[in-house]
Amino acid sequence: MTTFLVTGGTGTLGRVVVDRLLADGHTVRVLSRRPHTRTENPRLHSYAVDLRNGVGLAAAVSGVEVIVHCASTPSGGDLDSAGQLVDAARTAGVRHLVYISIVGVDRVPLRYYRTKHEVERLLAESDVPWTVLRTTQFHDLVLRLVKAGARSPVLPVPAGIRVQPVDVREVGARLVELAYGEPAGNVPDMGGPEILTARELVDRTLHAGERRRLTLPLRLPGATFRALRAGGNLAPDQATGKLRYTDFLAERGGRVPGVRVVRSGDTTGG
């Protein structure tokens, strides 16, 4: 059996990857800023390491054959963290580093996306064998965003923007598949099974519960939103995901705060 290190192993995607690797009988080291709370599996080992400073990283990577790099911080520091990880991987003789990225990092000028693209370049220029998978947004992210917006009686909806949400479990399965294989560089993107407008996603999420919300379409300015309206975040030719967003909502009982749609201009109350 192979020894794997999963960075961000306590996060939404990292937990899926860890569980799959353990189910296949591998030894898994989970690296996150906080210790992993699951200790019942003797093949699961927790390392509390902050990748931004690298303290304790060498010990976590020593003896590891494959790294699956899921850790990410939208607030910043991903490039420095990746540099620390690549240096440690080189020193430890890691044979394969798999990185999860995002569809559109080379087309959408969002700062977080630009950083992800810089991490891709860092890997490509390193001497550590690597694989990069770009995916579209997870169902979980869409749900969180709509729930956050639904805290207000008026829910803004960006006009002209489409999203291709994918299930995190399917992404985790694909990452594990790649981790089992040989380093492959940039592999084909992975997108969800359907492309929906932001309006459709909001409507379906709100329809899954019981309260009303006024939705207000907004055409947002700037280069980032122009790129999104142009489809820079989509992978229509790689719609390999299977689980639709409505099926994802149904799995969770279909009850979400802010649930019945009242469009701007509708005078019905509730």
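One can find the structure itself at the top, above this paragraph.
Residues numbered from 1 in each chain as written. Predicted model: local features only at pLDDT ≥ 70, side-chain atom pairs only at ≥ 80, totals over all residues. Heavy atoms only, no water.

A tally of helices and strands in the protein yields nine helices and 12 strands. Here the C-alpha radius of gyration of the protein, 20 Å, is about what a compact globule of 270 residues would show, namely 18 Å. A burial count over the protein gives 49% of its 270 residues as buried. In the protein, once contacts between residues fewer than 6 apart in sequence are set aside, the share between residues at least 24 apart is 78%. Accessible surface, the protein as shown: approximately 12600 Å² in total, 51% of it carbon and sulfur. Side chains of the protein carry 36 positive and 27 negative charges; the gap between the two charge centres is 8 Å. (Helix = DSSP H or I, 4+ residues; strand = E, 2+ residues; numbered from the N terminus. Rg over C-alpha atoms; globule rule 2.2 N^0.38 Å. Buried < 20%, exposed > 50% of the residue type's maximum accessible area, 1.4 Å probe, protein only. Contact = heavy atoms within 4.5 Å. Areas by Shrake-Rupley, 256 points an atom, 1.4 Å probe, with all protein chains shown as cover. Lys, Arg positive; Asp, Glu negative; His and termini not counted. Charge placed at Lys NZ, Arg CZ, Asp CG, Glu CD.)

Another point: the side chain of T2. Structurally, the position occupied by T2 is in the segment before β1 (3-7). Owing to a relative accessible area of 14%, T2 belongs among the buried residues under this scheme. When neighbours within four sequence positions are excluded, T2 is seen to be in contact with H26, T27, E65, V66 and R95.

Moving on: the nonpolar core. Grouped together as the largest cluster of nonpolar side chains are 27 residues, with contacts concentrated most on V6, L13, V17, V28, C70 and L175. Taken together, the elements giving at least two residues each to this core come down to β1, α1 (12-23), β2 (27-32), β4 (66-69), β5 (96-102) and α6 (168-180). Those residues in contact with V6 that sit more than four places away from it in its chain are G14, V17, V18, L21, V28, R29, V30, L31, V68 and C70. (Core = buried A, V, L, I, M, F, W, Y, C linked by side-chain atoms within 4.5 Å.)

The next thing to look at is the environment of D189. Mapped onto the elements, D189 comes out in the loop between β9 (185-186) and β10 (196-197). A residue is classified by how much of its surface remains accessible, and D189, at 23% relative accessible area, is partly exposed. As a C-alpha pair, D189 and V103 span 86 residues in sequence and 6.8 Å in three-dimensional space. Setting aside residues up to four positions removed in sequence, D189 forms contacts with V103, R134, A235 and Q238.

This part covers the packing of aromatic side chains. All told, the structure shown has two aromatic pairs when counted by the stated rule. An angle of 25 degrees between the planes, with centres 5.8 Å apart, marks the rings of Y245 and F248 as stacked. With Y245 and F248 both in helix α9 (residues 245-251), this residue pair falls three residues apart, about one helical turn. The burial state of Y245 is the same as that of F248; both residues are buried. (Phe/Tyr/Trp six-rings, centres within 6.5 Å; stacked < 30°, edge-to-face > 60°.)

Among all positions of helix α5 (residues 139-149), only H139, D140, V142, L143 and V146 are buried. One side of α5 holds all its buried residues, which, seen down the axis, span an arc of 160 degrees. Structurally, α5 contributes buried residues whose contacts are with α1, β7 (154-158), β8 (162-163), α6, α7 (198-207) and α9. (Arc of directions from axis to C-beta.)

Before going further, it helps to spend a moment on the pattern of salt bridges. Using the criterion set out here, one finds 13 salt bridges in the structure. The shortest N-O distance in the salt bridge between D50 and R52 comes to 3.0 Å. Classification of R52 by relative accessible area gives partly exposed; the value is 40%. D127 is the partner of R90 in a salt bridge, and the nearest nitrogen-oxygen pair spans 2.7 Å. Remark: D127 occurs in the loop between α4 (111-125) and β6 (130-135) and R90 occurs in helix α3 (residues 78-92); sequence separation between them is 37 residues. Assessed through its relative accessible area of 39%, R90 is described here as partly exposed. Judged by relative accessible area, which is 56%, D127 ranks as exposed. Taken together, the shared-partner salt bridges in this structure form one network comprising D140, D167, R169, E251 and R252. (Salt bridge = Lys/Arg side-chain N within 4 Å of Asp/Glu carboxyl O.)

Keep in mind these values describe shape, not function.
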